[in-house]
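An overview of the molecular structure
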Amino acid sequence: MIESDRPREIVLGVSGGIAAYKSCEVLRRLREAGHHVQVVATRSALEFIGAATFEALSGRPVMTGVFENVHDVEHVALGRRAELVLLVPATADLLARMTQGRADDLLTSTLLTARCPVLAVPAMHTEMWEHPATVDNVATLRRRGTVVLEPASGRLTGADTGPGRLPEPPEIAEFARLLLEWGASTSAGGTEPFPLPRDLEGRRVVVSAGGTAEPLDPVRTLGNRSSGRQGYALARVAAQRGADVTLVAGTIADLDPPAAVDLRRVQTTREMRDAVLDASKAADVVVMAAAVSDFRPTALSAGKIKKGEEPPSIPLEFNPDILRELVTEDVPRRLVVGFAAETGDEHGSVLDYGRAKLERKGCDLLVVNAVGAGKAFEMEDNEGWLLGADGSSMSLPMGSKAALAARVWDAVAERLP
Ligand SMILES: Cc1cc2nc3c(=O)[nH]c(=O)nc-3n(C[C@H](O)[C@H](O)[C@H](O)COP(=O)(O)O)c2cc1C
């Protein structure tokens, strides 16, 4: 376990929106990660979900009003104890009350006393989300340091769709972990920037993720192993830092589409090349986190290749080098970040191979991961180095893929004009 993953004291604030039922899944995930969770529900929230569900999942009584347990002065004690306050969902009403600094129930009182990171996850109808009152409230809360996530677009309560949907619980849990990791590094005396500043607002970003699969015949493919988790984390973090994000994903694990991201799915390296180059035309930054297949069969067999007596020999040809094309393409200058999954050998270390790749490809930044048994692929956590074309080199410590993504975006933001 990473030091920052030790059990924490978390207040899960639930307000009265239809998405309140998804807070149960977030609660379950926080408990499975070993954290202590106190649910503080608004009165409206309890119209949607019974206290029994929260109490069974958290192992603690649900709290709502300031006049419960008065001898413990809970409206002050809870906020002081909390290492993270997570609001799932945050209604338009709760955002408004927070903006005004009201303390008319236990949740808003706790928010005024808490000095830990606050992560608000709004969910509401598009009209409510886009109303100037809500837009102003969100801007005010962000200015004061509350992390207010962008909602997802998609199916809302009824048949209507649009921005305002709660991001999926695994994504919320990922951001909660990110804030806890950062809390740990700042309390250790570091001067780390907050992981989700709005420093990519107005920037267009393209991220590729996952592997690619080259069909050999109607049933078999030649592919690269990659869960897509690192690329998805990069896209998620960029979107929550305000960027306009296109995510081009090849073959991936079972991942939910990130909130507030334009997701395009592809299968082969050539499809990925076309989608990335197309989306990159107006981009400020392109991050190639995908592990694409460098080769493809010269011919696609129309029928299934039969097993026969001998294993078949399948001639291969090179796929396009997307990173190289991005760097040499005749378009206005944009920042290009590559990824290198390397293994060391007797000729050089992982870092030596990374430096050589950076020079060969000519990108601005290169994230180097050591891969092999139990490293990087399909894991929740990642570590590596970030190498710059300017000769810089930074270690990316072991942590969540979202934390690694936040450090990469810090480096990108520093280099953007
Ligand atoms: C069926 C139903 C669904 C609702 N869904 C939402 C919602 O998704 N988001 C929201 O901001 N308000 C929603 N509301 C309105 C809130 O419940 C209402 O504003 C309430 O005062 C919120 O109180 P609270 O912020 O103290 O929890 C909904 C109301 C009803 C009756």
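Looking at an unreviewed UniProt entry, the protein chain carries the name Coenzyme A biosynthesis bifunctional protein CoaBC, with the source organism given as Actinomycetospora succinea.

Summarising the sheet, strand β6 (residues 152-155) and strand β7 (residues 161-165) pair through four bridges and their orientation is antiparallel. Considered in β7, the bridge of Ala-152 is made with Arg-165.

Our focus in this paragraph is the domain arrangement of the protein chain. Under the domain assignment used here, the protein chain contains domain 1 (9-187) and domain 2 (204-301 + 311-415). Computed from C-alpha coordinates alone, the two centres of domain 1 and domain 2 are separated by 34 Å. With both chains or domains summed, domain 1 and domain 2 bury close to 1,300 Å², and 57% of this area falls on carbon and sulfur atoms. It is Glu-171, Glu-174 and Trp-182 in domain 1 that bury the most area against domain 2; as a group they hold 37% of the surface buried on that side. On the surface where domain 1 and domain 2 come into contact, there are three salt bridges. With a closest N to O distance of 3.3 Å, Glu-171 and Arg-236 form a salt bridge. At the surface where domain 1 touches domain 2, the tally comes to six residue pairs in polar contact (both at pLDDT 80 or more). For the side of domain 1 that touches domain 2, the element with the most residues is helix α9 (residues 169-187), which contributes eight residues.

Before going further, it helps to spend a moment on the side chain of Glu-150. Residue position: Glu-150 is located in the loop between β5 (147-148) and β6. A relative accessible area of 19% means that Glu-150 is categorised as buried. Only 2.9 Å separates the side chain of Glu-150 from the side chain of Arg-142, close enough to count as a polar contact. When sequence neighbours within four positions are dropped, the list of residues in contact with Glu-150 reads Trp-129, Arg-142, Pro-167, Arg-198, Ala-239, Gln-240, Ala-259 and Ala-260.

The UniProt entry lists Asp-294, Lys-304, Pro-320, Asp-321, Ile-322, Leu-323, Phe-339, Lys-357 and Lys-361 under the feature "binding site: CTP" (unreviewed entry), expressed in the numbering used here. Their sequence span is 68 residues, while the largest C-alpha to C-alpha distance among them is 37.2 Å; these annotated residues do not converge on one region. With respect to the helices and strands, Pro-320 occurs in the loop between β15 (316-318) and α12 (322-328). The class of Pro-320 is partly exposed, set by a relative accessible area of 21%. Beyond its immediate stretch of four places on either side in the chain, Pro-320 contacts Thr-269, Arg-270, Arg-273, Arg-296 and Glu-325. As for its position among the elements, Ile-322 is in helix α12. With residues near it in sequence (within four places) discarded, Ile-322 still touches Thr-269, Met-272, Arg-273, Val-276, Met-288 and Val-292.

What counts and how
- Here the residue numbers are simple positions, counted from 1 along each chain's written sequence.
- Thresholds applied to this predicted model are a pLDDT of at least 70 for local features of residues and 80 or more for the giving and counting of side-chain atom pairs; totals over whole chains, interfaces and linings are not thresholded and use all residues.
- The basis for every side-chain value is the complete set of heavy atoms in the structure, and neither hydrogens nor water enter the calculation.
- Between any two strands, pairing holds if DSSP finds at least two bridges.
- Starting at the N terminus, helices and strands are each numbered in turn, a helix being any DSSP run of H or I of at least four residues and a strand any DSSP run of E of at least two.
- Boundaries between domains were set according to an automatic or database domain assignment.
- Computed with a 1.4 Å rolling probe, the buried area is the accessible surface lost when two parts are put together, summed over both parts.
- Salt bridge criterion: a side-chain nitrogen from Lys or Arg within 4 Å of a carboxyl oxygen from Asp or Glu.
- For this analysis, a polar contact is any N or O atom pair within 3.5 Å, provided that within protein one partner can donate a hydrogen and the other can accept it, and provided that sequence-adjacent residues contribute only side-chain to side-chain pairs.
- Exposure classes here rest on a 1.4 Å probe applied to the protein chains alone. A residue is buried below 20% of its type maximum, exposed above 50%, and partly exposed in between.
- Residues are treated as being in contact if the distance between any of their heavy atoms lies within 4.5 Å.
- UniProt positions are given in the numbering used here, feature names are shortened, and annotations may be inferred rather than shown by experiment.

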